[in-house]
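Report on the structure
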Amino acid sequence: MLGVLDITLLLASLLVTLTIGVYHGVRGRKATPAEYMLGGRAMSPLPLAMSMIMGTISPITIMGNIGEMYAYGTQLWIMDIGIAIGMIIVAEMFIPIFYPLHMVSLYQYIEQRFRSKILRISSVLITLLAAYLFIGFLLYPPSTFLVYFTGLGMIENIVIMGLVCGMYSAFGGVKAVVHTDVVQSVVMLVGVMAIVIQCALRVGGLTAAWEVATERGRIEFFNMSLDPYQRHSFWLTLVFGLFFSLSTYGVNQSQTQRTFSTGSVRHAKRVIYYAIFGMLLLRFLINLAGVVIFAFYADCDPLTEGGTVKNNLRVVVIYVLQDLTNIPGLAGLFVASIYAAVLSSVSTQVNSMTALLWEDFLKNLTVFQSWSEIKITWLQKLLVFLTSVVGIAMSLIATNSPAFISRLFRLTGAISGPMVGLFLTGLYLPWVKGKCAGFGFIISIIFSLWIVTGQLLTRSDPPYLPMSHANCSSGDILASNSSSLTTTTAGFSTTPGFSTTAGFSTTELPSGNMTIADPVLPSSNEESFEGMAALYGLSYCLNFCWGSVACVIFALIATFIAGWNTPDTVDEYLIAPTAWKVFTKWPQPSYEPPLKTLSRLVSPRSSSYATNNGYSLPPDQNTHSSQNDDKHGTFQTKTEESIPMTSVK
């Protein structure tokens, strides 16, 4: 339990958060929709960068990365290099195209580039579904651990976090979210540093902790094997970090909204580069915390003590209960950092989801056309709060059926790779039309869901690296703390970057009605992959990559079969400059697409397609030409929808 000083620090951090929300709510009570959702596109890069960091480092990142370093070693640390590379790609290749469009919803690009309202709406609906589930899981896992610190039940913790987040996000809009994230980033940094410093002092310093971790096989960075069936290697984690970064910072509304909220392309790039530095620093400290905690428990592992194997998410909570609670204030800082991680991540989601709901669905409804801007802003505030309430409801559902909900969330997460592929297709493959891109997107989602389902049904987490119990004693305080931790997140991953992992068993505990999820250890480290298992056995690190590549490949296949764009049917400002140069200089294909050949054989009028697309047919087949390809199932050339949308209302 927390002491008086710990509780004071926790309450102070929550009070500051609410105060910032109320301040911006009062100050911006006459704010326009653009000011409420995007800060008037005039916010400074540094606070936006800090908000971007906080929006992507959740409690699962803190507990999951620490548990990963503790149980499996440091190879996943290389993921951070991939994240940095991906963020640089976003800054230099994505932002120069996206920002000048002055979008509110990122998916406006999909409609403008592919001239397909259906593809845009489909992308938004899938994103919203995944986001609602994500909010539920942002609230649920930390609440199962906070019961041991706050004295409140799991449901009470969920409701408090959800309501606090909903209130300050609704009152103050994006400005409140960003400025509270600045405060919460400092809280999180101090909380993680408290663990690193205190634990390092207990084991004789960082050098001693690193030496212990090295001797026990926890330090590994350069496993250069190309075997794709390994759990982690240098290359696998690098690829994982790269595509994770493209998905999170390049094609995710919650993060691109941060870059849209500043004043220019140059400032938007600064947001990304500032965030790279802060992201690497914070993730470095989190990973380092896992190493020093391992050194602390090197000879008395709490996860495998007593013959049972516990989820590695527990280890940081066990450490805080055993060691930090002995020093007034330190445990309070850690709990405050968990609250900060929850509030910042949830507020980022509810703010971005409201932007999508308004911009992609409600904005063009007749009923809202006569509303004033201030009235629309109040509607957006209501939507933000209601989204938080839905998140609370999802968390409460997760408390009753955590395994099912967690697996459902992982399945919806399978769209991340295909979403990256869809945007890459739009930016770098101007030949691809909307219907072909939609075909690639749908097939890649089906492919990704197939892979993830197979992994859920057939794969389990590998056993932890060797642990020691040489210095455990029956009266050790660790034993009581470890045994009392009978709650953790059912179905939740030991792998940062994913929300769930296959291979967890859910066991009802006699001491209560909560559930526990622990790794199921295979009987042998040797696994053979035959038949479909050869596909399911590939490292989870490649899942994002497979989805992205599949979308691009299937979109290209559809293009070769159904037909392609020509330079006069694509808007140059929607295409990456290098790709546009290739597109305009590369000779257009001289053959008729097979689908059009079949269509022409069925209906002679379809021969007009050939004339309009740059290849010739025999004179007797080159009949009446249509001036509007859209009559034959292709997309119109220039439409009003291709004009950048600059209005928020």
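Residues numbered from 1 in each chain as written. Predicted model: local features only at pLDDT ≥ 70, side-chain atom pairs only at ≥ 80, totals over all residues. Heavy atoms only, no water.

1. What to know about the overall build of the protein chain
Counting secondary structure elements, the protein chain contains 24 helices and two strands. Counting only residues that meet the buried cut, the protein chain has 58% of its 649 residues in that class. (Helix = DSSP H or I, 4+ residues; strand = E, 2+ residues; numbered from the N terminus. Buried < 20%, exposed > 50% of the residue type's maximum accessible area, 1.4 Å probe, protein only.)

2. Notes on the packing of aromatic side chains
Tallying each qualifying case throughout the model produces 26 aromatic pairs. Note on Trp210 and Phe221: the rings are 6.3 Å apart at their centroids and 15° apart in plane angle, and the pair reads as stacked. You can see Trp210 sitting in helix 9 (residues 206–215) and its partner Phe221 sitting in the loop between helix 9 and helix 10 (234–250), a full eleven residues away along the chain. By relative accessible area, Trp210 is classed as partly exposed at 30%. The interplanar angle of 55° and the centroid separation of 6.2 Å between the aromatic rings of Phe240 and Phe244 together place this pair among those described as tilted. (Phe/Tyr/Trp six-rings, centres within 6.5 Å; stacked < 30°, edge-to-face > 60°.)

3. So, the side chain of Asp323
Tracing the backbone through its elements, the reader meets Asp323 in the loop between helix 13 (314–322) and helix 14 (330–362). According to the relative accessible area criterion, Asp323 is buried, its value standing at 2%. At 2.7 Å, the side chain of Asp323 and the side chain of Tyr319 are in polar contact. What Asp323 contacts, discounting residues up to four positions off in sequence, is Gln198, Arg202 and Phe296. (Polar contact = N/O pair within 3.5 Å; in protein donor to acceptor, adjacent residues only side chain to side chain. Contact = heavy atoms within 4.5 Å.)

4. Here's the deal with the state of the cysteines
Per the counting criterion, the structure on display carries one disulfide. With its sulfur 2.1 Å from that of its partner, Cys300 forms a disulfide with Cys472. Judged by the sign of its S-S torsion, about 115°, the bond between Cys300 and Cys472 is right-handed. With Cys300 in the loop between helix 12 (265–296) and helix 13 and Cys472 in the loop between helix 18 (434–458) and helix 19 (477–484), the pair connects residues that are 172 residues apart, well separated along the chain. (Disulfide = S-S within 2.5 Å.)

5. Things to note about the side chain of Thr248
Mapped onto the elements of the fold, Thr248 is located in helix 10. Of note is the side chain of Thr248, whose polar atom sits 2.8 Å from the backbone oxygen of Phe244. Those residues in contact with Thr248 that lie beyond four places of it in its chain are Thr56 and Gln255.

6. Brief notes about the pattern of salt bridges
Side chains bearing opposite charge may pair, as long as their charged atoms lie close to each other. All chains considered together, the criterion is met by ten salt bridges. A salt bridge links Glu111 to Lys117, with the shortest nitrogen-to-oxygen separation between them at 3.9 Å. By relative accessible area, Lys117 is classed as partly exposed at 35%. The partner of Asp323 in a salt bridge is Arg202, with the nearest N and O atoms 2.1 Å apart. With Asp323 in the loop between helix 13 and helix 14 and Arg202 in helix 8 (residues 154–203), the pair connects residues that are 121 residues apart, well separated along the chain. Arg202 sits in the partly exposed class, given a relative accessible area of 47%. (Salt bridge = Lys/Arg side-chain N within 4 Å of Asp/Glu carboxyl O.)

7. A short note on helix 17 (residues 416–428)
One full turn of an α-helix is made of 3.6 residues, so residues set three or four places apart face in the same direction. Here helix 17 spans 18 Å end to end across 13 residues, near enough to the 18 Å set by a 1.5 Å rise per residue. Within helix 17, eleven of the 13 residues are buried, which leaves the element mostly enclosed by the surrounding structure. Of all the residues in helix 17, the buried ones are Ser416, Gly417, Pro418, Met419, Val420, Gly421, Leu422, Phe423, Thr425, Gly426 and Leu427. (Expected span 1.5 Å × (residues − 1).)

8. Points about unusual backbone geometry
Phi at Arg41 is positive, roughly 55°, even though this residue is not glycine. Among the secondary structure elements, Arg41 is positioned in the loop between helix 2 (33–38) and helix 3 (45–56). For Arg115, which is not a glycine, the phi torsion comes out positive at approximately 50°.

9. Quick look at the nonpolar core
With 160 residues, the main nonpolar core has Phe98, Tyr109 and Ile293 as its most contacted residues. Phe98 has contacts with Met103, Leu106, Tyr109, Gly250, Phe260, Phe423 and Leu427, leaving out every residue within four places of it along the chain. By size, the runner-up hydrophobic cluster in this structure holds six residues, among which are Trp358, Trp371, Leu379 and Leu383. (Core = buried A, V, L, I, M, F, W, Y, C linked by side-chain atoms within 4.5 Å.)

10. Some points on a nonpolar patch on the surface
There is a patch of nonpolar side chains on the surface, built from Val549, Ile553, Ile557, Phe560, Ile561, Tyr591, Leu595, Leu598, Leu601 and Val602 and spanning about 950 Å² of accessible area. Looking at the nonpolar patch, the element that brings in the most residues is helix 21 (residues 543–562), giving five residues. Along the polypeptide, Val602 turns up in helix 23 (residues 594–602). Classification of Val602 as exposed rests on a relative accessible area of 68%. (Patch = residues over 30% accessible without salt bridge, like charges linked within 9 Å, V, L, I, M, F, W, Y side chains within 5 Å. Areas by Shrake-Rupley, 256 points an atom, 1.4 Å probe, with all protein chains shown as cover.)

11. Focus: the confidence of the model for the protein chain
Of all residues in the protein chain, 82% have pLDDT values of 70 or greater, and the mean over the chain is 83. The weakest mean pLDDT in the protein chain belongs to strand 1 (residues 504–508) at 29; the strongest belongs to helix 5 (residues 79–98) at 97. Counting contacts from residues 474–484, a segment whose pLDDT is below 50, to residues more than four positions away or on other chains yields 17 contacts. (pLDDT = per-residue confidence, 0-100.)

12. Topic: the environment of Val317
On the secondary structure map, Val317 appears in helix 13. The sequence separation of Val317 and Phe334 amounts to 17 residues, and the corresponding C-alpha distance is 9.5 Å.

13. A short note on the packing of helix 8 against helix 15 (residues 373–400)
Between helix 8 and helix 15, the shortest axis-to-axis distance is 8 Å and the interhelical angle comes to 165°. One finds that helix 8 runs roughly antiparallel with respect to helix 15. For the pair helix 8 and helix 15, the sense of crossing is right-handed. Contacts between helix 8 and helix 15 involve Met154, Ile155, Ile158, Val159, Gly162, Leu163, Cys165, Gly166, Met167, Ser169, Ala170 and Phe171 from the former and Lys381, Val384, Phe385, Ser388, Ile392, Ser395, Leu396 and Thr399 from the latter. Here the contact of helix 8 with helix 15 is composed, by residue class, of 13 nonpolar, six polar and one charged. (Axes fitted to C-alpha atoms, helices over the stretch in contact; angles between N-to-C directions. Parallel < 35°, antiparallel > 145°, perpendicular 65-115°, else oblique. Left-handed = near helix turned anticlockwise from the far one by under 90°. Nonpolar A, V, L, I, M, F, W, Y, C, P; charged D, E, K, R; others polar.)

14. What to know about the environment of Leu285
Relative to the assigned elements, Leu285 resides in helix 12. Taking C-alpha positions, Leu285 is 6.7 Å from Val192, a pair spaced 93 residues apart along the chain. Discounting residues that sit within four places of it in the chain, Leu285 has contacts with Leu189, Val192, Met193 and Val196.

15. Here's the deal with the environment of Tyr464
You can see Tyr464 is positioned in the loop between helix 18 and helix 19. In this structure the side chain of Tyr464 is engaged in a polar contact, spanning 2.7 Å, whose partner is the backbone oxygen of Lys310.

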